[in-house]
Amino acid sequence: MRRIALSLVLAPVLALALAGPGRADVPETVAKVILPGYAGFTRATQDLAAAAAADCTPGALRAPWNAAFDAWLGVQHVHIGPAEEEGRALAIAFWPDPKNIGGRQTEAMLQAADPTLVTPEGAAQLSVAARGLFGLERLLYGPASDTNPAYACDLRRALAADLARMAQAIETGWKDGFAETVLRAGTPGNTTYLSAAEARQALFTQLIAGLEFNADTRIGRPLGSFEHPRPERAEARASGRSLRDVALSLKALRAYAGALAQGLGPIPATEAAFDRAEALAAKLDDPVFAGVADPGLRLKVEILQQAIQATRESAETEIGALLGVRSGFNSADGD
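Every chain begins its residue count from 1, and numbering advances along the sequence as written. Local features in a predicted model are, by the rule used here, given only for residues with pLDDT of at least 70; side-chain atom pairs are given and counted only at 80 or more, and totals for whole chains, interfaces and linings are based on all residues. In computing side-chain properties, one takes all heavy atoms of the structure into account and sets aside hydrogens as well as water.

Asker: Honestly, the overall build of the protein chain in this entry has me stumped. Any pointers?
Answerer: Helices and strands together make up the secondary structure of the protein chain, namely 12 helices and 0 strands. For the purposes of this entry, the term helix denotes a DSSP run of H or I that reaches at least four residues, the term strand denotes a run of E that reaches at least two, and both are numbered from the N terminus. In sequence order, the secondary structure elements of the protein chain are arranged as α-α-α-α-α-α-α-α-α-α-α-α. The C-alpha extent of the protein chain, read off along each of the three principal axes, is 60 × 55 × 30 Å. Taken across its 335 residues, the protein chain has 51% of its residues classed as buried. Only protein chains enter the accessibility calculation, which uses a 1.4 Å probe; a residue is then buried when its area is under 20% of its type maximum, exposed when over 50%, and partly exposed in between.

Asker: What exactly am I supposed to notice about the nonpolar core here?
Answerer: Burial of nonpolar side chains together is a common tendency in soluble globular proteins. Counting 91 residues, the largest nonpolar core has Trp-174 and Leu-207 as its most contacted members. At 15 residues, the largest contribution of residues to this core is made by helix H8 (residues 149-183). In this entry, domain limits derive from an automatic or database-based domain assignment. Split by domain, this core shows at least three residues from each of two domains, domain 1 (24-184) and domain 2 (196-323). We call two residues in contact when some of their heavy atoms are within 4.5 Å. Sequence-distant contacts of Leu-207, defined by excluding residues within four places in its chain, comprise Leu-253, Tyr-256, Ala-257, Leu-260, Ala-315 and Ile-319. To qualify as a nonpolar core, a set must consist of buried Ala, Val, Leu, Ile, Met, Phe, Trp, Tyr and Cys residues joined through side-chain atoms within 4.5 Å.

Asker: Teacher, can you tell me more about the state of the cysteines here?
Answerer: Cysteine pairs can be linked by a disulfide, which is a covalent bond between their two sulfur atoms. Cysteine sulfur atoms are paired as a disulfide whenever they fall within 2.5 Å. Counted under the stated rule, the structure contains 1 disulfide. Note that Cys-56 is cross-linked by a disulfide to Cys-153, the S-S spacing being 1.6 Å. On the S-S bond that ties Cys-56 to Cys-153, the torsion sits near 90°, and the link is right-handed. Taken together, the residues Cys-56 in the loop between helix H2 (25-54) and helix H3 (58-73) and Cys-153 in helix H8 connect sequence positions 97 residues apart. By relative accessible area, Cys-56 is classed as buried at 4%. Here Cys-153 falls in the buried class, since its relative accessible area comes to 15%.

Asker: Can you help me understand the domain arrangement of the protein chain in this one?
Answerer: Put simply, an interface is often sized by how much accessible area is lost when its parts join up. Under the domain assignment used here, the protein chain contains domain 1 (24-184) and domain 2 (196-323). Look at where the C-alpha atoms of domain 1 and domain 2 centre, and you get two points 23 Å apart. Between domain 1 and domain 2, the residue contacts involve 25 residues of the former and 30 residues of the latter. Joining two parts hides part of their accessible area as seen by a 1.4 Å probe, and the buried area is that hidden amount summed over both. Taken together, both faces of the contact between domain 1 and domain 2 bury some 2,400 Å²; the carbon and sulfur share is 67%. Salt bridge, as used here, is a side-chain nitrogen of Lys or Arg placed within 4 Å of a carboxyl oxygen of Asp or Glu. A salt bridge links Arg-241 to Asp-70; the shortest N-O distance between them is 2.7 Å. Throughout this description, a polar contact denotes any pair of N or O atoms lying within 3.5 Å of each other; where both atoms belong to protein, one of them has to be capable of donating a hydrogen while the other can accept it, and for residues adjacent in sequence the pair is counted only when both atoms sit in side chains. Our count for the contact surface shared by domain 1 and domain 2 stands at 7 residue pairs in polar contact (both at pLDDT 80 or more). Elements with a contribution of two residues or more to the side of domain 1 that touches domain 2: H2, H3 and helix H7 (132-141). In terms of residue count, the dominant contributor to the side of domain 1 that touches domain 2 is H2 (6 residues).

Asker: I'm lost on helix H11 (residues 268-283) in this one. Help?
Answerer: An α-helix turns once per 3.6 residues; consequently, residues spaced three or four apart project the same way. Across its 16 residues, H11 extends 23 Å between first and last C-alpha, which sits within 8% of the 22 Å expected from 1.5 Å per residue. Buried within H11 we find Thr-270, Ala-273, Phe-274, Ala-277 and Ala-281. The arc that holds the buried residues of H11, viewed along the axis, is 100°, so those residues lie on one side. For H11, the exposed residues lying more than 90 degrees away from the buried face are Pro-268, Ala-282 and Lys-283. On its buried face, H11 sits against helix H9 (196-223), helix H10 (242-261) and helix H12 (295-323). Each residue after the first adds 1.5 Å to the expected span of a helix. Arc, as used here, means the arc of the directions from the helix axis to the C-beta atoms.

Asker: In this structure, what is going on with the side chain of Thr-311? I would like to understand it.
Answerer: When you line up the elements, Thr-311 lands in helix H12. Looking at Thr-311, its side chain comes within polar contact range of the main-chain oxygen of Ala-307, at 2.8 Å. Excluding its chain neighbours within four sequence positions, the residues that come into contact with Thr-311 are Leu-211, Ala-273, Phe-274 and Ala-277.

Asker: Please clarify how the pattern of salt bridges should be interpreted in this entry.
Answerer: Pairing of side chains with opposite charge becomes possible as their charged atoms draw close. A full pass over the atoms with the stated rule returns 18 salt bridges. Arg-254 is the partner of Asp-275 in a salt bridge, and the nearest nitrogen-oxygen pair spans 2.6 Å. Here Arg-254 lies in helix H10 and Asp-275 lies in helix H11, a separation of 21 residues in the sequence. Notably, a salt bridge pairs Arg-298 with Glu-302, separated by 3.1 Å at the nearest N-O pair. With Arg-298 and Glu-302 both in helix H12, this residue pair falls 4 residues apart, about one helical turn. By relative accessible area, Arg-298 is classed as buried at 4%.

Asker: It is not clear to me how the packing of H3 against H7 should be interpreted in this structure. Could you clarify?
Answerer: The description of two helices packed together rests on the angle between their axes and the distance between the axes. Fitting a line to C-alpha atoms yields each axis, with helices limited to the stretch in contact; the angle taken between N-to-C directions then spans 0 to 180 degrees. Running from amino to carboxyl end, H3 crosses H7 at an angle of 150°, the nearest separation of the two axes being 10 Å. In terms of their interaxial angle, H3 and H7 are classed as roughly antiparallel. Judged by the sense of rotation from one axis to the other, the crossing of H3 with H7 is left-handed. Together, Pro-58, Leu-61, Arg-62, Trp-65, Asn-66, Ala-68, Phe-69 and Trp-72 of H3 and Leu-133, Phe-134, Leu-136, Glu-137, Leu-139, Leu-140 and Tyr-141 of H7 make up the contact between the two elements. Note on residue categories: nonpolar means Ala, Val, Leu, Ile, Met, Phe, Trp, Tyr, Cys or Pro, charged means Asp, Glu, Lys or Arg, and polar means any other residue, Gly included. Of the residues assigned to the contact of H3 with H7, the class counts are 12 nonpolar, 1 polar and 2 charged. Under this scheme an angle from 65 to 115 degrees is roughly perpendicular, one under 35 degrees roughly parallel, and one over 145 degrees roughly antiparallel; angles in between are oblique. Should the near helix be turned counterclockwise from the far one by less than a right angle, the crossing is left-handed, whereas a clockwise turn marks it as right-handed.

Encoded structure:
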């Protein structure tokens, strides 16, 4: 009933924005990409939590965990509003973790077996490094849970429920007010976005930062340098989905880019750049970027990285011009 009620409250705002004269970019992105994306993430995490409640063994949870991770990649780049409140985005996916803080904390929890940490209240108070998708990955694919199998099972249940709670909080936050804040940018009383241009730039920033994260972090970290490749730094290496994360993120970012440009004009250079990057990712037979240590295979990973960088440049020039966003801002700032 609550989800229906929220939809009824938000529907007039979305309808007005989509029906209004001029731009379709912001309402299109909110209504057709962001809100459905977060709804999908909520459903996937709820499925994961239900599966954990029924059977908390690794074999039973790997498939729903992967489905939840897939859903997160559809919205991970949207680092504004409810995702940033209470550090939710970090708690959902704390990576990179160069000092292995999460791994050490997980091992310590398994050693101590504190019953208060496997309650909903306890899990919500854990460090962001020990929670979320990567906290669960360690307990589903790593050797850590061998320390205390019974407690590891309880901890999986607690982390899955905590993940579902955070997903629901983000979705509800968008529906309960933040979507209207974005769509009503520049109206009296809106202190978050003082103009429609500020909202456009905030959404555009998410696209550019998402592409940068794929090129510089998801691929750049395992690439390291030619003399010192670092394949062990690949994202989600234990679960074997490092390349999959890049491919799914590119797919999501492409949909997001198309929504931002909707009704404003064609984006042929950006579309062609996405075509090339996605095709290269599909052809790369290297699930965890292990090939970065081999000169011949490394070149293919570098070419993919360059293609994503070219996509970012095309989007910044082409979509930025359509949106009226000036280049040169720091895309990592979120505004």
